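Here are the chains, one letter per residue:
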Amino acid sequence: MAREERNIIGYTVALISEFALRFDIKPRQAYAYLKRFKGMEHLHNHYGFLHTQSFPDTVDILTQVCLNNGGQLQ
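Attention here is on the structure that accompanies the text.

Analysis parameters
- Along each chain, numbering runs from 1 in the same order as the chain's sequence is written.
- The predicted origin of the model limits local features to residues at a pLDDT of at least 70 and limits the giving and counting of side-chain atom pairs to 80 or more, whereas totals for whole chains, interfaces and linings rest on all residues.
- In computing side-chain properties, one takes all heavy atoms of the structure into account and sets aside hydrogens as well as water.
- For this analysis, a ring pair means two rings from Phe, Tyr or Trp (six-membered ring only for Trp) whose centres lie within 6.5 Å, classed as stacked if their planes differ by under 30 degrees, edge-to-face if by over 60, and tilted for the remaining angles.
- Strands are runs of DSSP state E lasting at least 2 residues, helices are runs of H or I lasting at least 4, and numbering of each runs from the N terminus.
- Each residue is placed in one exposure class: buried if its accessible area under a 1.4 Å probe, protein chains only, is under 20% of its type's maximum, exposed if it is over 50%, and partly exposed if it falls in between.
- The contact rule is simple, with two residues in contact once any of their heavy atoms fall within 4.5 Å.
- When a carboxyl oxygen of Asp or Glu is within 4 Å of a side-chain nitrogen of Lys or Arg, the pair counts as a salt bridge.

We now examine the packing of aromatic side chains. One pass over the structure, following the stated rule, counts five aromatic pairs. Taking 5.6 Å as the distance between ring centres and 75 degrees as the angle between the ring planes, the aromatic pair formed by Y11 and Y47 counts as edge-to-face. One end of the pair, Y11, is in helix α1 (residues 3-23); the other, Y47, is in helix α4 (residues 47-50), and 36 residues separate them in sequence. Among the aromatic side chains, those forming a connected cluster through ring pairs are F19, F23, Y33 and F37.

Summarising the element assignment, R22 is placed in helix α1. Residue R22 is classed as partly exposed on the basis of its relative accessible area, which comes to 38%. Residues R22 and G71, spaced 49 residues apart in sequence, show a C-alpha to C-alpha distance of 15 Å. With sequence-adjacent residues up to four places away left out, R22 is seen in contact with P56, V59 and D60.

Two side chains of opposite charge can pair, provided their charged atoms sit close to one another. Following the criterion strictly, the structure yields one salt bridge and no others. In this structure, the salt-bridge partner of D60 is R22, at a minimum N-O distance of 2.7 Å. Highlighted residues: D60 in helix α5 (residues 55-68) and R22 in helix α1, separated in sequence by 38 residues. Residue classification places D60 among the partly exposed residues on the basis of a relative accessible area of 39%.

Within the secondary structure, D57 sits in helix α5. In this structure, the C-alpha to C-alpha distance between D57 and Q72, residues 15 residues apart in sequence, is 18 Å.

Here it is, written out as structure tokens:
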């Protein structure tokens, strides 16, 4: 596996954990929620920008993406 791929995976895992902490849910639930409401898709499409932001800011962005796609966590 290339270094960039490891970086992306590590960042994604850390971000899912931060999302779970913000909403007091399990990381598995956070992943399922982000996947269902297009947060993971957004992260994949905009990784180049998102990984330059702080975790709280990125969680805010993904929260808004999910809200825009039918999610309920605020």
